[in-house]
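# Structural description and commentary
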Amino acid sequence: MQPLAPGALRLVHVSDSHLTGDGTLHQGVVDTTAALDRVLAEAGRVEGVRLLVGSGDLSDDGSSASYRLLRGRLDSWAAPRGAAVALVPGNHDLRAGFAEVFGGDPDAPLDRVVEVDGWRVIGLDTSVPGAGYGDLRPRQLDLLRDLLATPAARGTVLVLHHPPLPAPTTLHEALALRAPEALAAVIDGTDVRVVLAGHYHHHIVGDLAGVPVIVAPGVANDTDVAAPEGTERAVRGSGFVVVDIEPMDVEPGGGHVGGVRSTVVRVYDAHDGDEVFSLDRDTVERIAAEAGPPRD
């Protein structure tokens, strides 16, 4: 990849690894530990990375063993590169196991802040215990508002699991982030340069309040976004995103905000494209009712 401009941040963004503590295959099909190893090996070819982001559904079973496995893999990757690691839980993660290995209060959202070379990385826990949809509580939005009241030296990266973007499938839409407009109101006009998310198992780019939103492809599988409406299908496939963020222009008379560039990297395997699961409309409706937000 091209070298970075002075002060720019390069990060690797992975999501939805769905690791298991005992090696159980994801959906009875995918060895997610092997898939993560392939992703990290390919990401290791990218030069100049200062931050590794994991945007949720890091574990599939929520076990402490799965998080210890994850920590070993990520620390071994990041430490030789001098890269920081920023992680947030997703709807498949369990706070108890996550907090045991990575710290935090398991009885509250596992929000966290990391500083990297003058860049501020804020992770917000959008998971709702026992459910599949995402939510940001008023106190989390207040926390974010308070943090953003003081700009970081170079800017802020916001990390969530549930994207504040329309979903590509009926099921993901039922399990989407509630009230993304509330988040938009908080970040509008602040130093947030990019929002990173996962959950959709497919690379998607959009914006929220004029801020780029980048959804990483999944490590465990890839959502078939061309499947018939109302159904849900996933195939074998893994990838990650390299995100380059240029610093804000601080030259006299400037005011220009540097660009954000995302480059998706596919990580190939002989089984890519093989079906992982396929859900009909009735099954999708049942899961949406069980794991979606309460009906008014």
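See the structure shown above.
First, a word on what this report is: a plain description of the structure on this page. Only a predicted model underlies this, so the values are computations on that prediction, with no experimental measurement involved.

The residue Arg10 is located in strand S1 (residues 9-14) in this model. Judged by its relative accessible area of 2%, Arg10 is buried. Here the side chain of Arg10 touches Glu47 through a polar contact of 2.8 Å, landing on its backbone oxygen.

Before going further, it helps to spend a moment on the packing of helix H2 (residues 64-78) against helix H3 (residues 95-102). In the contact formed by H2 and H3, the axes pass within 8 Å of each other and the chain directions differ by 40 degrees. Considered as vectors, H2 and H3 are oriented oblique to each other. Here H2 runs over H3; the crossing is right-handed. Mapping the contact onto sequence places Ser64, Tyr67, Arg68, Leu70 and Arg71 in H2 and Gly97, Phe98, Glu100, Val101 and Phe102 in H3. Residue composition of the contact of H2 with H3, by class: 5 nonpolar, 2 polar and 3 charged.

Take H2 next. Taking 1.5 Å of rise per residue, the 15 residues of H2 would be expected to cover 21 Å, and the 21 Å separating its terminal C-alpha atoms lies within 8% of that figure. Taken together, the buried positions of H2 are Ser64, Ser66, Tyr67, Leu70, Leu74, Trp77 and Ala78. For H2, the buried positions fall inside an angular range of 150 degrees around the axis, keeping them on one side. Packing partners of the buried residues in H2 comprise S1, helix H1 (32-43), strand S2 (51-55), strand S3 (84-88) and H3.

Calculation criteria
- Residues numbered from 1 in each chain as written.
- Predicted model: local features only at pLDDT ≥ 70, side-chain atom pairs only at ≥ 80, totals over all residues.
- Heavy atoms only, no water.
- Helix = DSSP H or I, 4+ residues; strand = E, 2+ residues; numbered from the N terminus.
- Buried < 20%, exposed > 50% of the residue type's maximum accessible area, 1.4 Å probe, protein only.
- Polar contact = N/O pair within 3.5 Å; in protein donor to acceptor, adjacent residues only side chain to side chain.
- Axes fitted to C-alpha atoms, helices over the stretch in contact; angles between N-to-C directions.
- Parallel < 35°, antiparallel > 145°, perpendicular 65-115°, else oblique.
- Left-handed = near helix turned anticlockwise from the far one by under 90°.
- Contact = heavy atoms within 4.5 Å.
- Nonpolar A, V, L, I, M, F, W, Y, C, P; charged D, E, K, R; others polar.
- Expected span 1.5 Å × (residues − 1).
- Arc of directions from axis to C-beta.

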